[in-house]
Amino acid sequence: MMIRFYEETEDSLLKFAVIIARTEGKYVFCKHKSRDTLETPGGHREPGEVILETAKRELYEETGAIDYNIEPVCVYSVVSKDGSDVEETFGMLYYAEIFSFEKELYSEIEKIVIMEEEPEAWTYPEIQPKLLCEMKRRGYFPEESCIEK
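So, how was this worked out
Residues numbered from 1 in each chain as written. Predicted model: local features only at pLDDT ≥ 70, side-chain atom pairs only at ≥ 80, totals over all residues. Heavy atoms only, no water. Helix = DSSP H or I, 4+ residues; strand = E, 2+ residues; numbered from the N terminus. Rg over C-alpha atoms; globule rule 2.2 N^0.38 Å. Contact = heavy atoms within 4.5 Å. Areas by Shrake-Rupley, 256 points an atom, 1.4 Å probe, with all protein chains shown as cover. Lys, Arg positive; Asp, Glu negative; His and termini not counted. Charge placed at Lys NZ, Arg CZ, Asp CG, Glu CD. Polar contact = N/O pair within 3.5 Å; in protein donor to acceptor, adjacent residues only side chain to side chain. Core = buried A, V, L, I, M, F, W, Y, C linked by side-chain atoms within 4.5 Å. Buried < 20%, exposed > 50% of the residue type's maximum accessible area, 1.4 Å probe, protein only. Pairing = 2+ DSSP bridges. Phe/Tyr/Trp six-rings, centres within 6.5 Å; stacked < 30°, edge-to-face > 60°. Lys NZ or Arg CZ within 6 Å of the ring centre and 35° of its normal.

Participant: Give me the lowdown on the overall build of the protein chain, citing residues and values where you can.
Facilitator: Each helix and strand in the protein chain was counted, giving 2 helices and 7 strands. N-terminal to C-terminal, the α/β element order of the protein chain is β-β-β-β-α-β-β-β-α. The C-alpha atoms of the protein chain give a radius of gyration of 15 Å, which matches the 15 Å a tight globule of 149 residues would have. With the C-alpha coordinates of the protein chain rotated into their principal frame, the extents come out at 45 × 35 × 30 Å. Considering only contacts within the protein chain whose residues lie at least 6 apart along the sequence, 70% involve residues at least 24 apart. With the model as given, the accessible surface of the protein chain reaches about 8,400 Å², and the carbon-plus-sulfur share is 49%. Both charge centroids of the protein chain, one from 18 positive and one from 33 negative side chains, sit 2 Å from each other.

Here it is, written out as structure tokens:
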């Protein structure tokens, strides 16, 4: 599996939105009810949905964020090899600064975890740490360095 980054791509190719979120200088991660790992908010684009709306919907569903700023960072792709076929799937990476949250979550997410560091146990360890690393390379968190695992 390989992750690539682009400044833009055709909108119709964007299938996912992933959001690196922070609140009060700390990262916001999600813990799914059926997993023991942490992940960034994000998910699949619904039919007819604008990709920014996907990001906003997923951010709310998975963190309960109600007051926030959100901005696009870049397009990313996941390139996987399945037998003899190579498939490239595209998503949009966003950054969100969250100012307030709902009191309860109403989705498959059990809880949010607010941390200064990135988690040891990622749900998608081949993808999400690389997305965070790309944001650091782009200057989003200048006080932090990127350590690829």
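Participant: Describe the side chain of Glu118, listing the residues and the values that go with them.
Facilitator: Relative to the elements of secondary structure, Glu118 occurs in the loop between strand 7 (109–115) and helix 2 (128–137). Within the structure, Glu118 has its side chain in polar contact with the side chain of Lys136 (distance 3.3 Å).

Participant: Give me the lowdown on the nonpolar core, citing residues and values where you can.
Facilitator: Taken as a class, soluble globular proteins show a tendency for nonpolar side chains to be buried jointly. The biggest cluster of nonpolar side chains holds 19 residues, and the ones touching the most others in it are Ile20, Leu93, Leu131, Met135 and Phe141. Among the elements of the structure, strand 2 (14–23), strand 3 (26–32), strand 5 (65–82), strand 6 (85–101) and helix 2 are those that each provide at least two residues to this core. Looking at this core element by element, the count peaks at 4 residues for strand 5. Setting aside chain neighbours within four positions, we find Leu131 in contact with Ile3, Phe5, Val18, Tyr76 and Leu93.

Participant: Please provide a residue-by-residue account of the pairing of strand 5, values included.
Facilitator: Where strand 1 (residues 2–6) and strand 5 come together, 5 bridges link them in antiparallel fashion. Counterpart to Arg4 in the pairing with strand 5 is Ser77. Examined bridge by bridge, strand 5 and strand 6 share 16 bridges and lie antiparallel to one another. Among the inter-strand pairings, Val79 is bridged to a residue of strand 6, identified as Glu88.

Participant: So what about the side chain of Ser107? Which residues, and what values?
Facilitator: In this structure, Ser107 sits in the loop between strand 6 and strand 7. At 2.8 Å, the side chain of Ser107 and the backbone oxygen of Glu61 are in polar contact. With sequence-adjacent residues up to four places away left out, Ser107 is seen in contact with Lys33, Glu61 and Glu62.

Participant: Lay out the packing of aromatic side chains with the relevant residues and their values.
Facilitator: Applying the stated rule across the entire model yields 7 aromatic pairs. Ring pairing ties together the aromatic residues Tyr27, Phe29, Tyr95, Trp122, Tyr140 and Phe141, which thus form one cluster. The ring centre of Tyr27 lies 4.7 Å from the NZ or CZ of Arg22, which sits over that ring.

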